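# Secondary and tertiary structure notes
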Amino acid sequence: MASVGKLKAAEAALKEVADGQVLGIGTGSTVAVFIGLLGRKVKEEDWDLLCVPTSYQSAYLAVENGLRLTTLDEHPTLDLAIDGADEVDPDLNLIKGGGAALTKEKVVDSSAKRFVVIADSTKLVERLGKFPLPVEVLPFARMKVLRVLAGMGCVPKLRDGGDRKDGPLVTDNGNFIVDAAFGEIRDPKALEIEIKRVPGVVEVGLFVGLAQCAYLGNASGVRTISR
Ligand code: 5RP
């Protein structure tokens, strides 16, 4: 059962969607709520809408909810992207990748004219960094990247596949995830650039200067942060 905060954030984002748009759809439990609402809306209003998903999860869920999919090849510029986040700071910098979909999320979210974050209000933090920073890494480069990240002052850990998968988690792109616990991140932009320069790093879950708005829901309503 989705939290009321996620539902309220998803409802707020739904108000931004209009007939005829091409939408980027992120990944995660909050986006799953949004996809359900969007599917219902599209059916009720008989909208002509296309979605670019960021993961198998959101692609399959979108289809199950009657939404039509497209690609960035056909629609390189999206009207709107809606995505979740693991942390949101007051300047709309984000940590993403808790669901290991950060690479496609960054491509899709940065392809939209407007990128809106939906999350429950517990995701709002003064400074990013309590949530270990997800970094997508080429399996071939695993040891090198772990060593370089440790040298940057974090505690890096290869993400495990969990109960249903022995060994490391494998992303939709066939890569690994390193969760890099930096603690408080003072300069997200500088850290994003520094990590992206490491050979073998595919993408880093710092989203800086990309989001225009965040809807942060809780039981008493929705807080909007925008620029
Ligand atoms: C996936 C993500 C998700 O958007 C993020 O983990 C938030 O998920 P949820 O809405 O389930 O809290 O970045 O890679």
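Our subject is the structure that appears above.
Overview of the structure.

Rules used in this analysis
- Residues numbered from 1 in each chain as written.
- Predicted model: local features only at pLDDT ≥ 70, side-chain atom pairs only at ≥ 80, totals over all residues.
- Heavy atoms only, no water.
- Pairing = 2+ DSSP bridges.
- Helix = DSSP H or I, 4+ residues; strand = E, 2+ residues; numbered from the N terminus.
- Core = buried A, V, L, I, M, F, W, Y, C linked by side-chain atoms within 4.5 Å.
- Buried < 20%, exposed > 50% of the residue type's maximum accessible area, 1.4 Å probe, protein only.
- Axes fitted to C-alpha atoms, helices over the stretch in contact; angles between N-to-C directions.
- Contact = heavy atoms within 4.5 Å.

### Regarding the sheet that holds strand E2 (residues 50-53)
Taken in spatial order, the 7 strands of this open sheet run E3-E2-E1-E4-E7-E13-E14, and their pairing is mixed. Every other strand in the sheet has two partners, leaving strand E3 (68-69) and strand E14 (221-226) as the edge strands with one partner each.

### So, the nonpolar core
Among the nonpolar cores identified, the biggest contains 26 residues, and Val17, Leu23, Phe34, Leu38, Leu49, Ile118 and Tyr215 are the most heavily contacted of them. Listing elements by their share of this core, those giving two or more residues are helix H1 (4-14), strand E1 (22-25), helix H2 (29-45), strand E4 (80-83), strand E7 (115-120) and strand E13 (213-218). Here the element with the most residues in this core is H2; it accounts for 7 residues. Of all hydrophobic cores here, the second largest spans 22 residues; its members include Val125, Leu128, Leu146 and Leu206.

### Looking at the sheet that holds strand E8 (residues 133-137)
Spatially, the 4 strands line up as an open sheet ordered E9-E10-E8-E11, and their pairing is antiparallel. Looking at the sheet topology across the chains shown, the edges are occupied by strand E9 (155-158) and strand E11 (201-204). If you compare each strand with its neighbour and ignore which way they point, the axes differ by 30° on average. Summarising the sheet, E8 and strand E10 (residues 176-181) pair through 5 bridges and their orientation is antiparallel. Paired with Val137 across the strands is Phe176, a residue of E10. Relative to the sheet, helix H4 (residues 102-109) contacts E8, E10 and E11, its axis offset from that of E11 by approximately 60°. Against the sheet, helix H5 (residues 142-151) contacts E8, E9, E10 and E11, and its axis sits at roughly 160° relative to E9.

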